[in-house]
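If you want the building blocks of each chain, they are given just below.
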Amino acid sequence: MRSVTYAGQNILTADDVAEAMVALSVALSNERRTEVVTVPICTTEGNVATADLVIGAGNDVISVPVEWMGEEPDFDDAAERLRAHVLYPSTPIVAAGNPPERGVDWAGDLDLDIDRG
């Protein structure tokens, strides 16, 4: 499970939903667009609900892992709906706001070492 911070509030959702939401948010930002998405969440009482979020340009989304007791809910359909968006990246986004260039075989240095060489 992941805790997603959005507009100063935290929501709990499945790993794949959070990953898809962050990737789509970056893709929308790169196109200077925003859209409303509906994602399934778990309430503090353990119930399943939905949240409507505006993602994309100017909307920060932060996703961090959280400990979850019990069986995780199945939110696979919601993750697939996010991934089906026309702007969802066909290759993973490896650096915040910097998708690989189209048609370029790109590998990123994710340990963020800075060579001051």
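Structure's up top.
This structure is a prediction, so every number in the text was calculated from the model and none was measured.

Draft legend 1. Here's a closer look at the pattern of salt bridges. In this structure the tally under the stated criterion is three salt bridges. Residues E19 and R83 are paired through a salt bridge, measuring 3.0 Å at the closest nitrogen-oxygen approach. Within this pair, whereas E19 is found in helix α1 (residues 15-30), its partner R83 is found in helix α2 (residues 76-83), the two being separated by 64 residues in sequence. According to the relative accessible area criterion, E19 is partly exposed, its value standing at 39%. Assessed through its relative accessible area of 26%, R83 is described here as partly exposed. One salt bridge in this structure joins E80 and R83, with 3.1 Å as the shortest N-O distance. Taken together, the residues span about one helical turn, with E80 and R83 both in helix α2 at a distance of three residues. Connected via shared salt-bridge partners are E19, E80 and R83.

Draft legend 2. Examining α1 more closely. With 16 residues, α1 should reach 22 Å at 1.5 Å per residue; the first-to-last C-alpha distance of 23 Å fits that figure. Buried residues along α1 sit against β1 (2-6), β2 (9-13), β3 (34-42), β4 (48-56), β5 (61-65) and α2. Just beyond α1, the residue with positive phi is R32, at close to 55 degrees.

Conventions used here
Residues numbered from 1 in each chain as written. Predicted model: local features only at pLDDT ≥ 70, side-chain atom pairs only at ≥ 80, totals over all residues. Heavy atoms only, no water. Salt bridge = Lys/Arg side-chain N within 4 Å of Asp/Glu carboxyl O. Helix = DSSP H or I, 4+ residues; strand = E, 2+ residues; numbered from the N terminus. Buried < 20%, exposed > 50% of the residue type's maximum accessible area, 1.4 Å probe, protein only. Expected span 1.5 Å × (residues − 1). Contact = heavy atoms within 4.5 Å.

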